[in-house]
Structure formats: structure tokens, C-alpha cells
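Each chain, written out:
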Amino acid sequence: MNMMSDTMSATACLLQMADEHFELEDYQSGVPRWCTGCGDNAILAAVQRLCRDEALRPEKTVFVSGIGCSSRFPHYMKTYGFHGIHGRALPVAEGVKMARPDLTVFVNTGDGDCTSIGAAHWIHAIRYNMNLTVFLHDNQIYGLTKKQASPTSPIGTRSNTTPRGSYLEALNPLTVTLGVQNVSFVAQAADWIPEVLFDIVKAAYHHKGLSFVRIIQRCPEWLPKALDPWMHDPNKVQLLHHDDGLQLSTGLSRVYKNQLEHDPMNIDRAREIASGHETIPVGILYRNPAVPCYEDLRYSDKLRTPDLTRAGLNAELDKYTVWPQEAKEKVA
Amino acid sequence: MNEMIIEKSTKKTGNKAKAAAGKKAAIKLKEHIVEIISDSGEGAQKCGQSLGAIAAQMGNGIWTTEIIPAEIRPPARSVAGASGNRIRIGAGYITNGGDETDLVVAFNEQVLLGRVRAKELKPNCVILLESMWRSHSDQKIVASYIETHDRLVAAGYKVYEIPMEQECKKIVADAKRGKNMFALGMLCYLYSLELKLGADQIVLAFGKKDQSVVDANIKLLEAGHKWAEANLDFCYSIPAVRSTEPQLVVNGNTAIALGVLASGMEICAMYPITPATSASHYLSEVFEKVGGMVHQAEDEIAACAFAIGASYAGKCTITITSGPGYSLKQEAIGLAVMGEIPLVVVNVQRGGPSTGQPTKMEQGDLMTAIFGSHGDAPKVVLAPGTIEECFYSIITARKIAETFNMVVVVLTDAALATSQQPFPRPKFSETWMAPPVDQSPVAAGAKPYDWDETTGLARRFIPGQPGGMHTLTGLAHDRDSHVAYDAEINEQTLRFRSLKLAALQKTLKAPPVFGDPKGDLLVVGWGSTKGAIEEAVASMRAEGKKVSSMHLQFLQPLPPGIKEIMQGFKKVMTIESNWSDRPEDQIIDENNRRYSALAILLRSRYLVDVDCWSEVKGQPIKPGTMRRVMSEKLKKH
Ligand SMILES: Cc1ncc(C[n+]2csc(CCOP(=O)(O)OP(=O)(O)O)c2C)c(N)n1
Ligand code: SF4
Ligand SMILES: [Mg+2]
């Protein structure tokens with residue numbers, strides 16, 4: 001009986017493979033437990049749409065995350081998921097990708113997860129430049145642990161550990177990323193501009209290499225007003241566009257008049273734009289498809305069959321073997 | 001002043017190398033311990049390794065031990081700077097480094113002094129000492145040399161002064177490069193080893209360089225041999241019975257790397273740390289040829305997470321480290337336990353805590369291996385006791401990890417890592433390898449954690465398997481891998497993960513007893529102390545003492561039958577190289593004494609009064625020391 005159902009599901013699967021058409025619900029799993037109005041919901045919607053539009057095979061797709069509100073993301077995807085430990089999403093994802101370059105791997109990480117506890121991995125992930133799509137859900141606060149300042153909290157942010165306001169200037173994830181050797185894709189999105197968010201998510205997915213997308217994300221629970229100045233004044237959002245970057249729709253252009261033509265190949269200009277204070281840039285800051293991917297440099301295309309292993313092992317053993325006299329004489 | 005000293009010393013020197021000593025009959029020995037020491041970078045290590053390999057080729061039993069200074073380049077001629085190798089050569093099988101040294105070749109008197117102070121030399125040890133320092137331009141050096149020399153002679157050592165530098169300079173301009181081969185030639189003569197085998201070693205080592213290097217080294221080797229024959233008035237032979245089976249001669253780290261290759265594992269993630277790194281060095285090279293990759297991560301946390309990610313998505317993966325790195329991996333190890341991801345973690349133990357003694361031997365991580373990571377995180381812990389077991393333990397570890405979806409920790413130590421011992425050349429079996437990654441569709445309704453009620457076992461779904469989609473999580477989770485908010489589910493899954501250890505335990509056999517199954521004293525050990533314990537027990541038994549030993553390879557779970565074995569003895573004690581409070585200390589009593597790790601485990605599990613004795617001197621406990629400890633234990637009430 002078991003065999004029957006196995007065969008049946010195998011057939012079902014083959015049929016499914018032949019017909020590469022998916023609906024949104026093929027990627028939806030459970031009801032997200034994020035607060036109402038949480039920016040993570042918008043990110044989830046954009047990503048599920050991407051999966052559907054690109055017809056990503058759910059069994060060949062993996063979402064890897066750390067710990068935090070945002071790191072619950074994989075649970076809401078009907079793909080494979082890996083909800084690991086705080087700060088270590090990137091090295092886990094690198095391992096997945098190295099073992100299985102055939103899988104499409106996404107990473108969801110919070111600002112604490114990525115830029116604080118996982119900061120070392122972040123720098124090195126940029127340098128490895130593996131073909132991963134990384135979403136930094138940057139709500140500028142520790143959400144899950146109930147409102148502590150994060151490295152990206154603007155100076156003066158009142159939190160449970162900085163009741164009089166945070167003391168240090170915020171770390172800028174864009175300039176940090178753009179400063180790392182081998183950086184190949186950096187973009188910034190805002191959860192409240194879904195159209196651009198989707199276009200960026202899509203561009204990130206299509207980039208071969210590590211695409212780093214910082215998504216400015218609302219946390220109405222702990223910082224309800226923090227993003228108001230940018231949400232209420234579209235001129236404080238600078239949309240980046242280019243023939244090789246995003247193309248802005250007329251609808252969008254009507255609302256967001258502060259636009260800048262920016263060539264994503266120009267890293268010096270990208271660093272300048274990323275360093276701006278008053279307005280927040282939204283769009284693709286940098287893209288360089290020519291940077292080699294670590295898995296391409298390192299993945300062994302030698303399929304390790306038992307025969308190959310036997311031959312390899314024996315060749316090594318030969319170096320250290322003391323043969324009995326007779327055997328040696330025979331060889332000689 | 002100086003002249004006086006020299007004069008005095010010439011008078012005292014009883015063993016000045018005699019000109020044209022002529023061939024003397026070789027003194028037959030059962031075994032000897034030889035060491036070659038120099039400043040680091042002078043090639044004593046290479047000389048010692050080659051001597052070991054040659055003796056093994058002759059069919060002798062050997063055990064080589066590296067002598068490593070703590071610093072990469074300690075100052076020249078310093079007492080703490082001895083670098084070299086120690087080779088115990090025997091007529092039969094040798095299982096450990098043995099007691100003190102019988103013969104030492106020293107390139108300067110300072111490194112020699114270090115070894116004397118560490119009490120590493122037998123009282124009447126033969127010393128072959130480079131004599132160039134006697135005529136050095138720096139008078140301080142001359143004085144120091146002469147003083148040391150004279151003291152050693154007075155203390156009863158048989159010191160032979162050898163003009164190694166001078167002899168080598170007849171062949172090469174820079175005697176620093178090649179003195180070690182001259183020394184090797186001397187030793188080949190002294191131990192009646194075939195010179196041709198020495199030349200083979202040189203070809204093996206320098207074969208890739210140009211022929212002139214090979215030729216020069218062979219000339220030096222021959223010169224050393226000739227010089228010793230002409231000038232030394234003694235030589236030895238250690239007759240050997242050549243094994244009929246091919247033997248492999250590697251150190252423990254190489255054996256581990258070979259085990260990784262043989263097990264079919266293809267990814268090793270690591271971060272450099274002494275004394276584990278050489279395993280990854282070797283593996284890096286091998287993988288380039290055979291397929292696979294060593295990932296040098298940004299730190300040990302990343303290495304462990306990388307290995308976990310790779311295991312989760314494919315075949316079981318390995319991460320190799322030592323103490324401090326092992327500490328860093330703890331949280332990630334807990335994740336692998338919780339997610340039931342197969343993983344092999346090798347901890348080549350060194351002296352701890354903290355940075356401790358990076359190059360020294362210690363067995364301090366047993367408790368961390370078993371109980372490390374917060375919460376109840378059951379994992380399997382294996383400890384190979386020989387170089388051969390280093391190889392096979394990795395194959396076993398891979399298999400257990402994948403069968404039980406568990407973390408398997410393999411504990412070796414700095415002594416195993418750097419020691420060489422021949423063992424029968426492994427014959428590859430396909431069953432050592434992991435099957436290909438399962439990509440077949442998952443039956444409808446199957447759950448990612450379908451724990452078996454009896455064994456706790458569940459299969460795992462691997463990305464790529466249609467129908468198996470789920471999110472693995474380090475949070476408490478149910479059979480669907482959904483986050484469990486219900487504490488009862490957490491308790492159930494704690495049970496399942498723990499049952500897997502019991503299921504494994506049911507497949508294990510009782511450990512063998514070395515010696516009679518009943519007697520006055522049972523010594524229990526684990527890891528690299530095996531050879532020395534058994535040697536000590538054998539010699540006690542030869543004196544009629546009723547002592548036996550039991551060596552545990554599985555530390556978690558402990559195999560069945562241990563209690564019954566212990567009950568066959570009047571006294572039971574462990575001998576370990578980790579800290580235990582000394583009962584003779586004034587404020588130590590039965591209520592506050594901290595026992596050694598294995599003793600704690602045995603006492604708590606079996607309610608048997610297991611005593612312990614430990615020494616944490618950074619090097620293997622000598623069989624002679626163990627004999628003394630056993631005798632004392634037998635005498636005590
Ligand atoms: C090693 C470790 N330290 C601390 C925590 C507690 N912790 C969980 S999430 C979190 C921060 C979450 O902030 P962020 O990464 O910004 O994610 P968000 O919740 O805002 O999405 C912390 C400190 C943990 N889980 N593990
Ligand atoms: S606390 Fe903030 S980040 Fe977390 S779910 Fe609520 S709104 Fe979102
Ligand atoms: Mg956050």
C-alpha cells in the first residue's frame with residue numbers, strides 16, 4: 001500500500017514538473033504571526049509573487065534565516081526552509097549552496113541578526129559572493145526581544161536599553177556592504193513602496209552572485225513613528241533609475257518626483273549615494289555580474305563515485321605504505 | 001679562564017669520539033627511544049620522521065612523537081625552543097611513546113638542556129652533541145657550551161661531541177640545510193638500518209625539487225653514516241620481524257583526513273587552530289585531486305554553521321577543530337541536535353582552558369563533548385585510542401551521524417594528532433561511503449519528523465525532494481516541523497532525541513577487557529592513553545599482579561556490560577590526562593574532591609566507587625608512571 005502511494009506521488013510530481021505553473025498559494029504556508037502593519041508582511045507578499053512569477057520549484061527553493069521577527073519568514077513559505085540560530089543565517093546558507101548549487105537559496109535576516117551578532121559573517125558573505133539573495137529586514141530595532149537599540153537605530157532612538165536615546169550614529173548597511181571587496185549587488189527598498197520592492201526583489205533574484213537588499217521595514221509595534229518623515233514626504237525618498245537598473249512607471253513617477261539616474265556599474269557614485277543623510281535612496285545602487293562566485297570556484301565537479309574514492313584513497317595510502325618484502329620485490 | 005674550562009673539560013670527557021673506531025659488533029636491543037632536537041627550522045623534525053619511516057620499512061614497531069616549541073620561531077639556542085622528533089623503535093609492535101629517551105642527537109646544548117630539565121632523558125642516556133659551539137666566536141656561547149657539556153658528563157650522561165657542522169661543510173656551503181640528513185646517516189649506522197631506505201626518504205621528500213638537492217642530501221646522509229662508522233665505538237640493532245601485511249605509517253591527523261576521504265564526506269568546514277589544522281591541510285590537497293572541498297571559514301561558528309547547512313542540504317559534513325574552536329561551535333551544535341542534522345565534529349584536544357597550551361596533549365574536553373551546548377543536547381561521543389582508530393572512527397562517525405541524524409563528536413588529542421604508528425593498510429569498502437543524496441519524492445502525508453515511538457528515529461527530508469517541503473527550526477517543533485508553543489510537545493521531542501542514544505547503545509558490544517576479567521585492579525581509560533595503559537598493565541601482570549584494563553571508545557552512549565566488568569575487580573580507577581584534585585592536598589577530601597571526567601561518568605552512572613589518577617603535564621603519561629600509580633593503588637586499602 002505504501003508503495004502504491006509512493007508511485008502515485010511520484011507520478012503526481014512528474015506531472016507537476018511538466019507543467020511549471022504555480023499559484024501564489026503554492027508558496028503560502030500558515031498565517032504569518034507578525035503584528036498588523038509590520039513591514040515583513042509586505043516583503044513576504046513580494047517574495048511569494050516573485051516565486052510564482054518565476055515559477056520556482058518549491059522543492060528546489062530554500063529560505064534560510066536566523067532569529068528575530070523577520071527570521072520567521074521561512075515558516076510562511078511552502079518551500080524548504082531553515083530557521084537557524086541568531087546571526088548565523090549566512091554561513092548556513094553558504095553551506096547549503098556549496099553542497100547544492102542546484103538549489104535556489106534566499107536569506108532573511110534582521111538588522112540585529114545581520115549587522116550585529118552576524119556582522120563577521122555578513123562581511124565575509126559579501127566577499128564569498130555566493131549566488132544567494134539576501135534580504136536585510138531593517139526595522140532599526142530588535143523586534144523579537146522587545147525593543148532594544150540595534151546598530152542601525154538612528155542616534156537618539158529611545159529603546160529599553162537606551163531609555164534616554166541611543167548614543168551612537170547608526171551603522172549604514174549600504175556603505176558597509178559597498179566597502180567590501182567582491183561586492184556584486186546592493187539595492188535598497190522600502191516596504192511601503194511595494195512596486196519598487198517587487199522590482200528590486202526580482203532584480204536581486206536574477207543577479208548571479210550575492211545580492212544584498214536592504215529593506216527599510218516598519219515596526220509599528222516598537223517604532224511606530226520612526227519612518228513617518230519618509231513615508232509622509234515622498235520627496236525624502238530618492239528613486240534610482242537607469243536603463244540597466246529600475247525603470248519607473250508613470251504612476252510611481254507621479255508620486256515620487258525625487259529621482260536620480262544612476263548607473264549601477266558605477267561603484268564610486270553608488271558609495272556617494274549610499275552615504276546621503278537627508279533622503280533615502282531606493283533602487284539598485286550597485287551591480288557587477290562579473291564578480292566570480294565562490295561556489296563556482298570551489299564546487300567540485302568531480303562526482304565522487306565509490307570508484308573514484310577508492311582510487312583516490314589508494315593513491316594516498318600508497319604514499320605511506322610499508323610493503324612486506326615479498327610484495328615489494330614483486331613490484332620491482 | 002676559558003682555556004682553563006676547556007682544559008678541564010677535555011680531561012673529563014670520557015667519550016670523545018674516537019678516530020677510526022672500526023666496526024664493532026652491534027648491541028642487540030629489544031627497543032630504544034631516540035630523539036633528534038634542534039632549533040626550529042633546522043630540520044630535526046624531518047630527520048626524526050624519516051628515521052621512523054625507515055625503521056618501519058625495516059619492519060620495526062615504531063611510535064613517533066613530535067617535539068614542538070610553543071612559538072613558530074623561538075629564539076635560536078633557547079631552552080624552551082627544542083623542536084624535533086622522538087622515535088620509539090621496537091622489535092615488536094609499539095603502542096605508545098614509552099618512557100624516557102635512550103639516545104638523543106642535539107644540534108645545540110640549549111635545546112638539550114630543555115629536555116634534561118623536563119626529565120625526558122634516561123639517567124645514562126647517550127647524547128650526540130654538535131661540537132661547533134666549542135669553537136664559536138662568541139665567548140659566552142663557548143662558555144655556556146662547555147659548562148653544559150661538563151655538567152652532563154658529570155651527571156653520568158654519555159656525551160659524544162660530533163663535529164656535524166664541520167663535516168657537512170665539506171659537502172654543502174650552508175650546513176644548516178642538510179645537517180639533519182647527516183644526523184640521519186649517523187642514526188642509520190647506529191641502529192643498523194639500511195642506508196638505501198634513507199635515500200628513498202630523501203627522494204620522497206625532495207623528489208619534486210631539482211636533482212642537485214636530492215644528490216646533496218644523499219651525500220650528507222652517506223657522510224653521516226661513514227663518519228659514525230669511523231668514529232663511534234658502538235652501534236645497535238633492533239631486529240625486526242617484517243609484517244606480512246602492508247602497513248600504513250601516518251600520524252593521527254593524517255589518519256583522520258584519510259578517514260574523511262574514505263567515508264565519502266566531501267565538505268570539511270574549518271578555521272585554523274593548533275593542533276587540528278594539519279588534518280585540514282592534508283585534506284585540502286587531497287580534495288583538490290579527488291573531489292571535495294575544505295572551506296576555511298571566517299571563524300569556527302561560521303565553519304560549524306556552514307557544515308550544518310551543507311549537511312542539511314546534502315551528505316553528512318565534517319568540521320575539525322580544537323578546544324577554543326569547539327567552545328565557539330556549541331550553539332550551532334545544539335542547532336544540529338535540535339534539527340536532527342547529521343554532523344561530524346572532530347575536536348583534537350589541546351591543553352585548556354582558554355588558549356591554554358596549544359601544542360600540548362590533554363584530555364580535558366570529555367565533559368564538554370558530552371554535555372556541551374545548552375539544554376539537553378544528546379550527541380554521540382567517540383574517542384579513538386590509536387592511530388588506526390583515528391581512521392576508522394571517522395567512518396563510523398559518518399555512518400552513525402547519518403543513520404541516527406545526530407551529531408557525532410570525535411575526540412582525539414595533540415598526542416594522537418602528531419604521533420605516527422604503523423597499522424594494517426585499510427582496504428576500501430563501498431559500505432564506508434554515504435549513499436547518494438535522496439532526491440526521491442516524499443509520500444503524501446509523510447511528516448518531516450516522524451519519530452518512531454520506540455527508537456526516536458525519524459527520516460529526514462532533503463531539499464530537492466518533492467513533497468518534503470518544511471522549515472527546519474531550532475525552536476521546539478512538532479512532527480510537521482511547526483513551531484511548538486506547547487511545552488508538552490517539547491517534552492515529547494526531548495524524549496525522542498534522547499531515545500536515539502539508547503537505540504544506538506543497544507547496538508554496541510561490551511568493551512573488551514585487557515587481561516583477566518577478574519582481579520584486584522581494573523584501570524579504565526579512554527583516548528590516546530590506550531597503548532601506555534595496556535603496556536603498563538602487561539608489565540604488571542608479568543610480575544604477577546592481578547591488574548587488567550578496559551579502554552572505552554564510545555563515551556556517549558557508554559556501551560553495555562561496563563558495570564558487570566567493573567564488579568569483577570576489587571578496585572577500579574581511571575587514568576586520564578585531565579584535572580582531578582589531589583587527595584593529598586590539605587583541603588581536599590571526599591566531599592569536595594573533583595574527579596577526572598571519565599571517573600565522574602562511571603561513578604554517577606554505575607554507582608561504583610571508581611577512583612582516578614591524572615596527570616596534566618601536556619604530554620602523554622608514560623607507562624612507567626602508570627605502573628607506579630597502579631602499584632600504589634594496589635597497596636592502598
Ligand atoms: C545567541 C543569541 N543571543 C540573543 C538572542 C536573542 N535575540 C533573539 S532575536 C534578537 C534580535 C532580533 O533583532 P533583529 O535581528 O533586528 O530581528 P527583528 O526581530 O527586528 O526582525 C535577539 C537579540 C538569541 N536568540 N540568540
Ligand atoms: S515587533 Fe515589529 S518587527 Fe516584530 S512583528 Fe511586530 S511589527 Fe514586525
Ligand atoms: Mg530588527
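The numbering scheme is per chain: residues are counted from 1 as the chain's sequence reads. A letter from A marks each chain and a number from 1 marks each ligand, given out in the order of writing. Note on the predicted model: pLDDT of at least 70 is required for a residue's local features to be given, and 80 or more for side-chain atom pairs to be given and counted; whole-chain, interface and lining totals, by contrast, use all residues. To obtain the side-chain values, all non-hydrogen atoms of the structure were used and water was disregarded.

Asker: Lay out the overall build of chain A with the relevant residues and their values.
Answerer: Working definition: helices are DSSP H or I runs of at least four residues, strands are E runs of at least two. Numbering for both runs from the N terminus. The number of helices and strands found in chain A is 13 helices and 12 strands. Only the protein chains shown count as cover for residues, and all accessible areas are computed by the Shrake-Rupley method using a 1.4 Å probe. Carbon and sulfur atoms make up 55% of the accessible area of chain A, which totals about 14700 Å². For chain A, the distance from the average site of its 33 positive side-chain charges to the average site of its 37 negative ones is 5 Å. Neither His nor the chain termini are counted; the positive set is Lys and Arg, and the negative set is Asp and Glu. Every charge is mapped to an atom, namely NZ of Lys, CZ of Arg, CG of Asp or CD of Glu.

Asker: Lay out the site of ligand 1 with the relevant residues and their values.
Answerer: Around ligand 1 sit 17 residues in total, of which Cys69, Ser70, Asp111, Gly112 and Asp113 of chain A are the nearest. We call a residue near a molecule or strand whenever a single non-hydrogen atom of that residue lies within 4 Å of it. Chains contributing residues to the immediate surroundings of ligand 1 are chains A and B. Definition of a polar contact: a pair of N or O atoms within 3.5 Å, with one able to donate and the other able to accept a hydrogen when the atoms are protein atoms, and with sequence-neighbouring residues admitted only if both atoms are side-chain atoms. Note that an oxygen atom of ligand 1 is positioned 2.7 Å from one of the backbone N or O atoms of Cys69 of chain A. Contact between ligand 1 and Asn139 of chain A: an oxygen atom at 3.0 Å from a side-chain N or O atom of the residue. Contributing elements (two or more residues each) for the shell around ligand 1: helix H4 (111-117) and strand E5 (141-142) of chain A. In terms of residue count, H4 of chain A provides more of the shell around ligand 1 than any other element does, 4 residues in total. Gly is put with the polar residues, along with every residue not named as nonpolar or charged; the nonpolar set is Ala, Val, Leu, Ile, Met, Phe, Trp, Tyr, Cys and Pro, and the charged set is Asp, Glu, Lys and Arg. Residues belonging to the shell around ligand 1 are distributed by class as follows: 6 nonpolar, 8 polar and 3 charged.

Asker: Please set out the interface of chain A and chain B residue by residue, giving values where relevant.
Answerer: With 60 residues of chain A in contact, the opposing surface of chain B contributes 80 residues. Summed over both partners, buried area is the accessible surface (1.4 Å probe) that two parts give up on being assembled. Of all residues in chain A, the largest losses of buried area upon contact with chain B belong to Tyr80, Arg304 and Val322 of chain A, amounting jointly to 14% of the total for that side. Note on definitions: salt bridges are taken to be side-chain nitrogens of Lys or Arg within 4 Å of carboxyl oxygens of Asp or Glu. Here Arg310 of chain A and Glu430 of chain B are joined by a salt bridge, their closest N and O atoms 3.7 Å apart. Taken together, the links from chain A to chain B amount to 26 residue pairs in polar contact (both at pLDDT 80 or more). The set of elements that each furnish at least two residues to the side of chain A that touches chain B consists of helix H1 (2-18), strand E2 (80-83), helix H3 (89-99), helix H5 (119-128), helix H11 (294-298), helix H12 (306-319), strand E12 (321-322) and helix H13 (325-331) of chain A. Considering each element in turn, the side of chain A that touches chain B owes the most residues, 11 residues, to H12 of chain A. Its residues assigned to classes, the side of chain A that touches chain B shows 25 nonpolar, 18 polar and 17 charged. Residues count as neighbours in contact if any of their non-hydrogen atoms are within 4.5 Å of one another.

Asker: How would you summarise the sheet that holds strand E7 (residues 185-190) of chain A if you had to cite specific residues and measurements?
Answerer: Pairing in this open sheet of 10 strands is mixed, and the strands run E10(A)-E9(A)-E11(A)-E7(A)-E8(A)-E4(A)-E3(A)-E1(A)-E2(A)-E17(B) from one edge to the other. Two strands close off the open sheet at either side, each with one partner strand: strand E10 (259-261) of chain A together with strand E17 (471-473) of chain B. Neighbour to neighbour, the strand axes of the sheet diverge by 20° on average, direction disregarded. Here, any two strands with at least 2 DSSP bridges between them count as paired. Where strand E9 (residues 237-241) of chain A meets strand E11 (residues 280-287) of chain A, 3 bridges bridge the pair, whose relative direction is parallel. Counterpart to Leu239 of chain A in the pairing with E11 of chain A is Val282 of chain A. Helix axes are fitted only over the stretch in contact, all axes being lines through C-alpha atoms; the angle between N-to-C directions runs from 0 to 180 degrees. Lying on the sheet, H3 of chain A is in contact with strand E1 (61-65), E2, strand E3 (104-110) and strand E4 (133-138) of chain A; it crosses E3 of chain A at an angle near 175°. Along the sheet, helix H11 (residues 300-313) of chain B contacts E1 and E2 of chain A together with E17 of chain B; its crossing angle with E2 of chain A, the most-contacted strand, is approximately 155°.

Asker: Quick one: what's the story with the pairing of strand E22 (residues 569-576) of chain B, residue by residue and with numbers?
Answerer: All names here are of chain B. With respect to burial, E22 is a largely interior element, 7 of its 8 residues being buried. Sheet analysis places strand E19 (residues 519-526) next to E22, joined by 5 bridges and oriented parallel. Bridging from a neighbouring strand, Leu522 pairs with Val572 of E22. As defined by bridge partners, E22 adjoins strand E23 (residues 610-614) across 5 bridges and the pair is classed as parallel. Its bridge partner lying in E23, Ile575 is registered against Trp613. Handedness of a crossover: with both strands directed away from the viewer, a clockwise path from the first strand across the helix to the second marks it as right-handed. Regarding topology, helix H20 (residues 597-606) serves as the crossover connection from E22 to the parallel E23, and that connection is right-handed. For the exposure calls, accessible area comes from a 1.4 Å probe over protein chains only, and a residue counts as buried if that area is under 20% of its type's maximum, exposed if over 50%, partly exposed in between.

Asker: Let's hear about the domain arrangement of chain B: which residues, and what values?
Answerer: Residue and element names in this part refer to chain B. What the domain assignment reports for chain B is domain 1 (2-237), domain 2 (248-432), domain 3 (438-507) and domain 4 (513-635). In this entry, domain limits derive from an automatic or database-based domain assignment. Here domain 2 and domain 3 have C-alpha centroids that lie 25 Å from each other. Taken together, the contacts link 21 residues of domain 2 with 23 residues of domain 3. Each partner contributes to the roughly 1800 Å² buried at the junction of domain 2 and domain 3, and carbon and sulfur atoms together form 63% of this total. For the interface between domain 2 and domain 3, the tally reads 1 salt bridge. In this structure, Glu340 engages Lys500 in a salt bridge whose closest nitrogen and oxygen atoms are separated by 2.8 Å. Scanning the region where domain 2 abuts domain 3 turns up 9 residue pairs in polar contact (both at pLDDT 80 or more). Those elements that place two or more of their residues in the side of domain 2 that touches domain 3 are H11, helix H13 (330-339) and helix H15 (387-404). Looking at side-chain class alone, the side of domain 2 that touches domain 3 contains 12 nonpolar, 5 polar and 4 charged residues.

Asker: Tell me about the coordination of the magnesium ion (ligand 3), residues and numbers included.
Answerer: Each angle at a metal carrying four tetrahedral donors should ideally be 109.5 degrees, and each at a metal carrying six octahedral donors should ideally be 90 or 180 degrees. All names here are of chain A. Here the term donor refers to an N, O or S atom within 2.8 Å of the metal (or 3.2 Å for Na, K and Ca), and because water is left out of the atoms, sites may appear incomplete. Those donors, Asp111 (OD), Asn139 (OD1) and Ile141 (O), are the protein atoms that reach the magnesium ion (ligand 3), and they lie 2.0 to 2.2 Å from it. Look at where the donors of the magnesium ion (ligand 3) fall in the sequence and you get D-x27-N-x1-I. Taken together, the residues Asp111 in helix H4 and Ile141 in strand E5 connect sequence positions 30 residues apart. Here Asp111 and Ile141 have matching classes, each one buried.

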